[in-house]
Amino acid sequence: MLEKGLIALAAALAIGIPALATAYAMAKIGSAGSGALAEKPELAGTVIIMEAIPETMVILGFVVGIMILFRLA
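Note that the structure is a prediction, hence the values are computed from the model and not measured.

A count of helices and strands for the chain gives three helices and zero strands. Going residue by residue from the N terminus, the α and β elements of the chain occur as α-α-α. Taken over the C-alpha trace, the chain has a radius of gyration of 17 Å; the compact-globule value for 73 residues is 11 Å, which it surpasses by more than 25%. A principal-axis box enclosing the C-alpha atoms of the chain has dimensions of 55 × 20 × 10 Å. When the 73 residues of the chain are sorted by exposure, 15% land in the buried category.

Structure below.
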């Protein structure tokens, strides 16, 4: 019983910690990006790409969490 709880906790941490880090990074990028767009609107594509890059941390955390839950790791 304890083993299942620890596995669930590990999977939750594998998803939660990268999600918090991604939220922090996206907040910083978003505020800087909106300031940059106010001065140079042609940077819209670059700002969108910069906003999308941190999402890979959450996707990889999700994959690791699934691997932990199904004990593939």
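Our next topic: helix α1 (residues 2-39). With 38 residues, α1 should cover 56 Å at 1.5 Å per step; its first-to-last C-alpha distance of 55 Å lies within 8% of that length. Residues Ile7, Ala11, Ala14, Pro18, Thr22 and Gly33 constitute the buried set of α1. As for α1, its buried residues are in contact with α2 (44-52) and α3 (55-69).

Taken N-terminus to C-terminus, the directions of α1 and α3 make an angle of 180°; their axes are 8 Å apart at the nearest point. Overall, the two elements α1 and α3 adopt an arrangement that is roughly antiparallel. The residues of α3 that touch α1, namely those facing Ile7, Ala8, Ala10, Ala11, Ala14, Ile15, Pro18, Ala19, Ala21, Thr22 and Met26, are Glu55, Met57, Val58, Gly61, Phe62, Val64, Gly65, Ile68 and Leu69. Of the residues belonging to the contact of α1 with α3, the class tally is 16 nonpolar, three polar and one charged.

Now for a nonpolar patch on the surface. Residues Ile59, Phe62, Val63, Ile66, Met67, Leu69 and Phe70 make up a contiguous nonpolar surface patch of roughly 640 Å² in combined accessible area. Among the structural elements, Val63 can be located in helix α3. Val63 sits in the partly exposed class, given a relative accessible area of 39%.

What follows concerns the environment of Ala10. Take Ala10: it is sitting in helix α1. Once the C-alpha coordinates of Ala10 and Val64 are considered, the two residues, 54 residues apart in sequence, prove to be 9.7 Å apart.

The subject of this paragraph is the environment of Ala19. Position of Ala19 among the secondary structure elements: in helix α1. Sequence spacing of Ala19 and Val58 is 39 residues, and the spatial spacing of their C-alpha atoms is 5.4 Å.

Moving on to the side chain of Thr22. Among the structural elements, Thr22 can be located in helix α1. Those residues within four positions of Thr22 in sequence are excluded, and the remaining contacts are Pro54, Glu55, Met57 and Val58.

Each value, and the rule that gives it
- Going along each chain's sequence as written, the residues are numbered from 1 onward.
- Residues qualify for local features only when their pLDDT is at least 70, as the model is predicted, and side-chain atom pairs are given and counted only at 80 or more; totals for whole chains, interfaces and linings, by contrast, use all residues.
- Remark: hydrogens and water are excluded; side-chain values derive from all non-hydrogen atoms of the structure.
- Strands here are runs of E lasting at least two residues and helices are runs of H or I lasting at least four, both read from the DSSP assignment and numbered beginning at the N terminus.
- The atom set for the radius of gyration is the C-alpha atoms, and the globule formula is 2.2 Å times the number of residues raised to the power 0.38.
- For each residue, the accessible area found with a 1.4 Å probe, counting protein chains only, is set against the maximum for its type, and the residue is called buried under 20%, exposed over 50%, and partly exposed in between.
- For a helix, the expected span equals 1.5 Å multiplied by the residue count minus one.
- Working rule for contacts: check all heavy atoms of both residues, and any pair within 4.5 Å makes them a contact.
- Axis definition: a line fitted to C-alpha atoms, over the contacting stretch in the case of helices. Angles run 0 to 180 degrees between N-to-C directions.
- Any angle from 65 to 115 degrees is called roughly perpendicular, while one under 35 is roughly parallel, one over 145 is roughly antiparallel, and all others are oblique.
- Under the scheme applied here, ten amino acids are nonpolar (Ala, Val, Leu, Ile, Met, Phe, Trp, Tyr, Cys and Pro), four are charged (Asp, Glu, Lys and Arg), and all others, including Gly, are polar.
- Patches in this entry comprise residues that are over 30% relatively accessible and not in a salt bridge; like charges within 9 Å are linked, as are nonpolar side chains (Val, Leu, Ile, Met, Phe, Trp, Tyr) within 5 Å.
- Computed with the Shrake-Rupley method and a 1.4 Å probe, the accessible areas treat only the protein chains shown as cover for residues.
- What counts as a salt bridge is simple: a side-chain nitrogen of Lys or Arg found within 4 Å of a carboxyl oxygen of Asp or Glu.

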